Every structure is written in C-alpha cells, then in structure tokens.
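# Working through the structure, step by step
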Amino acid sequence: MRGPLVVKRALSEPLLLLAAFGSILLATTTLVALTMYASSIADAGVRRTMETASYRQTAATVSAPVTAETFPKFDRSVRAEFARAYTRPPAVTTSFRSDSYVMPGQDAHERPELLRFGSYDGLDRHARLVSGSWPHAGGDRVEAAISLSAASATGFKAGQEFTTKGRLDPRPVTVRIVGVFQLNDPFGERWAGEQLLSRGVERGEFTTYGPLMVARETFVARFATSVNATWTAVPDLRTLTPAQLRPLAGAIDQLGARLKADGCGSCVAASRLPEILTQLDTASLVARSTMLIPVLQLLLLAAYALMLTARLLADHRRMEVALLRSRGAGTVRLAALAGGEALLVAVPCAVVAPFLGPPLLALVNLLPWIRASGVRLAPSADLGTFLVSFGVALAAAVLLVLPALAGARRTYVEEQAARGRGGRGLIERAGADLALLVVAGLAIWQLQRYGAPVTATTAGGLGIDPLIISGPALALLTGGMLGLRLVPRVSKLAERVTSRRPALAPALGAWQVSRRPLKYAGPALLLTMAIAIGVVSMATASTWRASQADQARHQAGADLRLSGPPDGPELGALGRGTAFTALPGVTAYSPGFRGQSEVSGESALLLGLDAGKLGELFHLRADLSAQPVGELSRALVGDRAGKLDLPGQPSALTLRAEADGDLPLRLVLSDALGVWRDVSLGVLRKGENRIDVDLRALAGRTGKITYPLSLRGLVAGAPQSPASLTLTGLSADGREVATPPVSMKVTRPAAAGLAPLPKPGPLPVVLTADLAASLKLAVGQVGAASIDRRVLQVKVVGVVDSMPTTPAGQKAVLADWATLQTYELAAGQLPRPATEWWLAAGDTAPAVKALQTRPEWDVTALDQRRLAAELRDDPLASGLQGALMLGFAAALVFATLGFLVNATVAARERMGEFAILRALGVSSRQMFGVLAVEQAFVIGLSLVAGTGLAVVVGVLVVPHIVLTGQASAVTPGVVLDIPWAATAAMLALVAAVLLAIVAGLARRLRGQHGQLVEER
C-alpha cells in the first residue's frame, strides 16, 4: 500500500509537485551542463593553446660536442629519452655546425674570410631549391647546397668546385656546390638560433659565410671533429589533456639528468615547454575553479527555491499529517511517505538531466565569444555526469523532505501556533545571517589577497580553496538574508503611509504584508538573489570584455607597434621608417627606443617617443594617470638640438677636417621622420682629412631615405692624447654646403653640433608610480637620476600607475624622443637607435597584410586589434562568461518559477478572504489592486535590493575573478563595468514578466469567484 499511497499523495498537490519537479529538473540539468562545460572548456583551452603554441615554445633541444665515434651512441640515447619523455614520440631533427674553413684563395691572408659547413635533417621540407639539387653522401667530393643569401654574398653557383682548408683541421676538402636553396621562412622561430643560415653572412671580427649544407652522413664522417650537435624535438601536442600537463612537464625537466645518467655527461637539455605546461595547468585549474562560482550560486538558489516549495507543500499537508498521526502513523512512517514522494519527483530528473545537458550546451555554442574562439562544445553523457545528476537530485530530495520531517514531530496545535507566529524568522533570531556575513567577508578577503580561488596545498601543489570559491555565493546569500531584515520595517512604513490615504487597495495590501512579513520574505529573498546573480553575471561579462580590450591596448601601446633590428641589409636605419610609414592605413607614426635601462640602481624600461604624437599613438587608460595624455605630450617636450639641413636629395657626403692628432670620429645625422643615425668616419689622422660617406647604404638594399637629411653633430671618441679638430668643409653630391665654424678640443668623448647645441636643462620624464617613489620625486619636482650610469637632472611631469607595453610591476621611464637624443648628443654619447616604430591606423589589417609579404624586412608586428581578438578568443579566459550566462538564465527561471508558485498558492489560500471582500462590496479592480500591491512590494523590494547587493558584490569580487588566460593578474588593473542600460532592460523585463503573472492570477481569481457565485 505504500507505493500507491505515495502516488495518491503526490497527485493530491499537482501544482506544488510540478513546481518541485521543475526546480529539480532545472537544477540537475543546469548543473550537469555546467559540469560538462567546465570540463570541455578546460580541454578546449589546453588544446587551443597547444595548437597555437609557437615553435620556440614547444621545441626541446639537446646539445653536445660530438665526434664521428661518439655521435651514434649519443644519437641513440637522445632519441630514446625523447621518446620516453613524451606521451607520443616527437619528430626529432639533428643539426650540426662545423669549425671555420678559409675562403678559397685566401689561405695567405692575415684575416681571411671564413666558411662553415652544416647539416640539418629534413632541410628539404623547410626550403625550396632555386637551382640544382640537394646534396647526397658519398663520393670523393663533398656535395653541398648553399642558401641564396650566402650565394649572393660569396658568388658561389651550382656546379662550382673549390678546395678549402680548416683553421683547426689542415686537411684539404674539395667541395662541389650542387644546389642553391631559399628557406621558406628565413626569419621564423625555427631559425632563431641559426642566424648564419637565415642571413648567409655574419660580420664581426671575421666575416663568415654559409653554412654549406651537406648530408648528415657526410658531416659525421668528414666534419665531426668535436663540434656541436643539436637534437631538436618538436612534439605533436594537439591531443594533450589537462591531466597530462604536469607529468609531461616533469618528464621533460628530467631529460638532462637522465641523459647524464645514461653516459652523455656533456649533454645540455633546454626547453621552455615545462614552464608553459606548468603555467597552462595552473590556468586550467583556475579556469575550472572560477567556473565553480556560478555553480555554487546556482546551487544556493536552487536549494532555497526547493526549500520554499517544500515549505509550501508541508503547510498544505498540515491537516493530512495531523490525521495520519491521529491514526497511529509515527515519525518513521511519515518520513518514509515524504521521502518516497520526493524520490518520485527527483529520480526521473536525475535520469533525464544528463541527456538534456548537451542540447543546453549547444545553445552556449551560439554565444559570440565561444563561436569566435572556435571551440565547439559537444560533450556526451558519461558516468561523471550521471553521478553529478544523481547527487544533485538526491540533495534536492532531502531538501523536500526536511520540512515534512520537522512537521512530523509537532502536534496539530504546535503546527497552528508555529503557523500563526509572526515577528522575526528563525535565521534572523539565531543571528545566522550575521555569522554568514563574517564567513563571506573572510572568503572575499582571501580572494582579494590571493587573486584567484586557487591556493597552495599542504603537499606543495595547487588546489581549489573551498572557502574562497564559495565567497561570492555566500556574499549573495548573506546580503539577501540581511535584506530580509528590511521586509517588516519597510512593510510597516508602507502601512503607515497608505493607511492615511482614502484608497482601499494600497492600504489593505500594505496591511496584509506588514501583518505577515515572513510570508513574503521567502519569495523576496529568492527574487533578490536571482536579480543579484543576474546583475553580477552581466557585470562580470562586461568587465571581462572591457578588460580584454584594455589589456590589448596596454600590451600593444599603439594601434600597431613594429619591432626588430634597427638596421638590416634590406632596410637600413634610414630606410625602415620610409617603408613603415608608407604602409596602407597609417595615419600617424613615431620612431621609438624601447629597452631595459638602469635608473638609479633600479632596472627600468626606458621608452622614447615623439611627444607631439602621443595623443594619436599612446594608449594610456585615463585612470592610470592624473594628467591626460595631451597634457603629458606638451610637458614632455624639452630642449632639442638644432640641425643643418642638406639641400636636395644627396646620395653622398664629403667632409673635410683638420686634426692635430689621431681622433676617432662619428657623424650624427637624422632624416625627415626623426630617425637619428651615427656614421663612422674612421680615425682622423694628423693634418687634413677627407672622408666620403655613402648615404645610400644607410637605407639598405631596398630601402629609401625620407628627405631632407639633417646633420646634427660630430661625436669624437676618447683619443690617446689630447687632440683638436676643425671642420674645414662639407659637400653633398659635390655641392658645397655652408656650415657654421666647428672646432673642438677633445680629451674624452665629446660632441660638437653642426647647428647650435643648447645646454639642456632638466630632462622632462614620466615615471611609473613605483619608480617615482623609489626616486622620491613627485610631479613637478626636479632631482638627480642615474640613467645607464650617467647622472642627469630630471623633471617629473607625470606619474602613471603602469606604463603601456610593460608587464605588472615593471618600472618605466617615458621621455620625448628628440629631447632624449639631444641629451645624448650633448653628453658626447651616440644616439639611441630606433628599435621600434609606433603607428596609428584606423584599420591595421592592410598594414599587417603588407608586412607579411615582406619577411626579409625582419620585423615583428604587434597589432592591438588582433591581440584583443586573441585575448577574447582564449577559451580558458572566456570560459567563465559562458558559465555565467548559463547560471544567469537558470537563476531567472528559478526566480520566475518560485514567484509563480508562491503567488499562486498565496492567492489560492486567500480565496475565502477575497470572497468576503467581494461580499462587502469590494470591486474586482480593487481586489486586483490589493493583490498587485502585495506582489509589487515583493517585486520592487527584490529588484532594488538585488541590484544594490549586486553592486556591492561586484565591487568586492568581480575585479578579482577576471584573470588572464595564464591565470595571472591583469595589467592594467580590472575596472568594474556595470552595463546599466542592459541591466535596466533586464530589470524592466523581469518586472514585466512578474507583473504579468500577477495580472494572470487576478484574472483567474475573478473567474473563479464568478463561477462560485453562479454555483451558489
């Protein structure tokens, strides 16, 4: 009989049981979906990171000196250890570089030019033949292939033969060039340590060409004379899972030690992969932990919604329970009935939820940032999802049973007394809300301190801190519970206000609420928490999107920032700016110097830019500085050196100077774009000197100079004995140029201007706040500072919390480019090279596309828009947004369902009261007004309290859960962004839906009342 009785009992309250079923199904389905989502995002994040990782990040190398005898053993050992370290055997290539060999015909030279031989496994997969064929092993002659750049520099051609000797190995080598090749990506990361191979020539104390690439067997047999061999492993990590990250990192870390234990004592292993894998594992853990935040919020909301439904169900069963107790039913019997009824509702939800989770995640795939990341969530139900589903359903069944168990222990008289008891709720009377406030405050304090819900464990690893992760949920619950203290106070105030007015509905509705405030406190808390979760979710998503844009602007510094060597064979120092400023879409530009410097003993980044262009170029967020960028731009301009413009577009320059001793001398000039360049004039000898300068060489092979060129000054090095210099003449392309009288007496490095050179005053600078504090300087103050071990006076014109292009905690100095160069020239120092170009462009895509077609320019482009897209598309960074949206939608459904059930039950309970009011002459409109006032009180108080609570929690929590994809703190700091327009729209929509429910209930009551009158 127990089974049928449970079913009959359940069917006696279809509305409440249906509400319980809906709540449990929603909770299990959403939580299962969130569990699937967190796991899928972590997997997708790891996979995406590994797919986009660069060659330099994933490659591991082992280097060792080898001979023809030791190489086979080392090769076997290294390859075996690589296969052991990785989950799947990686692709391993071996490369060699020989000792130096003398260029043919230069054996008798005191300083001959040199050649190197080399070998690289699979070179034919990374290069194309321009002519000839690839070399083969065997034969009397050594077959070799040479790169196109090296062939151009040496004049070697396919088919040419020559003989050379090693500087350490005197045995002659007869070489036949069988092919000329061109690397597919000569400036890619694969060749970062192979500068000779990518460029073809290295110029230093000796000029070296090559390498001449030979077959591996040829190299080992002929050139392996204790030369360096490098094994490079490039693994396929696209199938790597989060669980494999730390074991793989540990295995690669131990690679060097295992090789030494295996007999390769000289083997040196190097890889950035362990660091990246460890960081990725931490980021994956942090991403999963932050996605628990909406899970816990939803759990609390679902638990409270079920408790409200269970309380209503228990209230309706009071008489039934009393009758059962009078017939001898004990507590165990009543508990069994309540438990069977709860399981009847919960078990179907537990079974169905794992199959509803994947379709729900299909909707998440439609979110813009999920689609942009390329992640496609397609999980399926497995044992883990069923365990989660049944666990949640079981917990929900327990919550449904608890009020029934409490009622089973009381008599009918006690139940009636408890039902009629007013005043404060049990939680408030016990002070539990204040205790929860302390716990929530501690959790949020720890979140703010640690910056993530992950802390170190006792075992030395990382783990999720349950207190920290529960902080936001506890804060929402505590805030809502504290808000309940306002319900009786606000209701009594409303009663006093409305009782003085002639309208019946407001007065009666307010009186009803103030008479039984706890009746309305439950729905109010449910709505308050739901609204708070919704607003916090929207604020977190908006803050995250704004932070990604801020990070990209801060990291890039400008719309497009180009970096690379300041001088190169294709584009020289005075040719790079001409090419870069002509890129499509560029609207403003500035050459710049960006490099590490020592500032009064502190390591700091020195940044030199054209101060006049800061307003167009410099991406400094407004809150990072008390002064706007325009004001900093004007204040940074200091004393600038004069210049002597050269007429026309000269390609050659001739200087005539008289010296009374040997004196090293350099000429400093600049182009129309503001790039300064020094040119060596050699060592002037005693007497009259004539020096010719080829200006075209300053632009590179394909570069062009932006005219007019200007002469800035002469910089003399320290002579062996005091010497004097007088400039006697200057001509450009054979045309005399009038110059002011220039003479200087040199005892140490000194400079003379070819135009008036001012004695500069204090150097205007912008400092980061930490560096300003270290120097004990504030805005407007002047003080001494040592920059690169040279003391000079600086004037602080601005202080910023963080300098664009710098990571968190990096001290930095910003100065005007031309002013900084003037200070260097006045001190007899050479000008700083233009290591970067900062460009402004409305659309950077055409410029980036043009740069990609010119790899020989050897430039790295940092595109602010592309960087922002990459940050937004990172699954680990953006994963929280999808979880928040899922939790947000579920919270609103919970709130709507809970409000509907509570309002329906409350209206149904008061059918008799409404009938009496109708009999007394109260109109249907007034009855609707009474009901509307009661429910509007709940709705209005919940919307206001929920929004206020969300703002408080947002300020305390949101900036600390927005992290980078590497789980590190965001630079610049996160600024809370609450989308008030979207929030207002959401609140209006919720209010409209809830008021529509009230209107529908009133209409239904009016229909039921009319039907009751007709029956009578």
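How each quantity is defined
Residues numbered from 1 in each chain as written. Predicted model: local features only at pLDDT ≥ 70, side-chain atom pairs only at ≥ 80, totals over all residues. Heavy atoms only, no water. Helix = DSSP H or I, 4+ residues; strand = E, 2+ residues; numbered from the N terminus. Buried < 20%, exposed > 50% of the residue type's maximum accessible area, 1.4 Å probe, protein only. Areas by Shrake-Rupley, 256 points an atom, 1.4 Å probe, with all protein chains shown as cover. Disulfide = S-S within 2.5 Å. Core = buried A, V, L, I, M, F, W, Y, C linked by side-chain atoms within 4.5 Å. Contact = heavy atoms within 4.5 Å. Salt bridge = Lys/Arg side-chain N within 4 Å of Asp/Glu carboxyl O. Expected span 1.5 Å × (residues − 1). Pairing = 2+ DSSP bridges. Polar contact = N/O pair within 3.5 Å; in protein donor to acceptor, adjacent residues only side chain to side chain. Patch = residues over 30% accessible without salt bridge, like charges linked within 9 Å, V, L, I, M, F, W, Y side chains within 5 Å. pLDDT = per-residue confidence, 0-100. Phe/Tyr/Trp six-rings, centres within 6.5 Å; stacked < 30°, edge-to-face > 60°.

What follows concerns the overall build of the protein. Within the protein, the secondary structure is distributed over 33 helices and 32 strands. Scored against the burial criterion, the 1016 residues of the protein give a buried share of 52%. Approximately 43,900 Å² of the protein is accessible, and the part contributed by carbon and sulfur atoms is 57%.

Once that is clear, we can look at the state of the cysteines. One pass over the structure, following the stated rule, counts 1 disulfide. Between Cys264 and Cys267 runs a disulfide, and the two sulfur atoms are separated by 1.6 Å. Across the S-S bond of Cys264 and Cys267 the torsion is about 75°, and the bridge reads as right-handed.

Take the nonpolar core next. Formed by 135 residues in total, the largest nonpolar core has its most connected members in Phe82, Tyr86, Leu212, Trp231 and Leu277. Here this core takes 15 residues from helix α10 (residues 273–316), the largest share from any one element. Apart from residues no more than four positions distant in its own chain, Leu212 is found in contact with Leu115, Arg116, Phe117, Gly118, Ala144, Ala145, Ile146, Phe162, Val175 and Ile177.

Counting through the fold element by element, Leu669 comes out in strand β19 (residues 663–670). With a relative accessible area of 1%, Leu669 lands in the buried category. Sequence separation of Leu669 and Pro831 is 162 residues, and the distance between their C-alpha atoms is 9.4 Å. With sequence-adjacent residues up to four places away left out, Leu669 is seen in contact with Leu574, Val675, Trp676, Arg677, Val679, Leu695, Leu698, Ser710, Leu711 and Arg712.

Under the defined criterion, the tally for this structure stands at 31 salt bridges. Measuring nitrogen to oxygen at the nearest pair gives 2.7 Å for the salt bridge that ties Asp567 to Arg677. Separated by 110 residues along the polypeptide, Asp567 in the loop between β14 (560–563) and α23 (576–581) and Arg677 in strand β20 (residues 676–684) bring together distant segments of the chain. Connected through salt bridges with shared partners, the residues Asp75, Arg79, Asp121 and Arg216 form a single ionic network.

A word on the environment of Ile41. In this fold, Ile41 is placed in helix α2 (residues 14–52). Remark: the alpha-carbon pair of Ile41 and Asp874, spanning 833 residues in sequence, is separated by 9.9 Å.

Here we take up helix α4 (residues 71–85). The first and last C-alpha atoms of α4 sit 21 Å apart over 15 residues, in line with the 21 Å expected at 1.5 Å per residue. Every buried residue of α4 is listed here: Phe71, Phe74, Asp75, Ser77, Val78, Glu81, Phe82 and Ala85. Check the buried side of α4 and you find it contacts β1 (60–67), β2 (91–102), α7 (216–222), β10 (225–234), α8 (245–253) and α9 (255–261).

Of all 12 residues making up β2, 10 are buried, and the element is well covered by its neighbours. Sheet topology note: the β2/strand β3 (residues 114–120) ladder contains 6 bridges and is antiparallel. Considered in β3, the bridge of Ser95 is made with Tyr120.

Within the fold, Val668 resides in strand β19. When the C-alpha atoms of Val668 and Pro831 are compared, they prove to be 7.6 Å apart, with 163 residues separating the residues in sequence. In contact with Val668, not counting residues within four places along its chain, are Trp676, Arg677, Asp678, Leu711, Arg712, Gly713, Val715, Leu825 and Pro831.

Here the focus is helix α29 (residues 864–873). Those residues of α29 lying buried are Gln864, Leu867, Ala868, Leu871 and Asp873. Between the side-chain oxygen at the start of α29 and the backbone nitrogen of Arg865 there is a gap of 3.2 Å, and the oxygen is on Asp863.

With that settled, consider unusual backbone geometry. For the bond running from Gly210 to Pro211, omega is -10°, close enough to zero to count as cis. Relative to the assigned elements, Pro211 resides in strand β9 (residues 207–213). Cis geometry is adopted by the peptide bond preceding Pro708, which originates at Tyr707 and carries an omega value of 5°. With respect to the secondary-structure elements, Pro708 resides in the loop between β21 (687–694) and β22 (710–716). Residues other than glycine seldom take positive phi values, yet Ser600 does so here, at roughly 50°. Tracing the backbone shows Ser600 in the loop between β15 (586–599) and β16 (602–609). With phi around 60°, Lys776 is a residue other than glycine that occupies positive phi space. Here Lys776 lies in the loop between α26 (769–775) and β28 (782–787).

Further remarks concern a nonpolar patch on the surface. A cluster of nonpolar side chains, Leu343, Val347, Val351, Val352, Phe355, Leu356, Phe390, Leu394, Val398 and Leu402, forms an exposed patch at the surface whose accessible area comes to about 840 Å². Broken down by secondary-structure element, the contributors of at least two residues to the nonpolar patch are α12 (331–364) and α14 (383–408). Here the nonpolar patch takes 6 residues from α12, the largest share from any one element. Relative to the elements of secondary structure, Leu356 occurs in helix α12.

We now examine the confidence of the model for the protein. Model confidence for the protein is summarised by a mean pLDDT of 81, while 82% of its residues fall at 70 or above. Below pLDDT 50 for its whole length, residues 420–430 participates in 10 contacts with residues either more than four positions away or in separate chains.

Before going further, it helps to spend a moment on the packing of aromatic side chains. Counted by the stated rule, this structure contains 15 aromatic pairs. Ring centres of Tyr101 and Phe223 lie 5.7 Å apart, and the angle between their planes is 80°; this geometry places the pair in the edge-to-face category. One end of the pair, Tyr101, is in strand β2; the other, Phe223, is in the loop between α7 and β10, and 122 residues separate them in sequence. One aromatic cluster is present, built from ring pairs that chain together Phe71, Phe96, Tyr101, Phe117, Phe219, Phe223 and Trp231.

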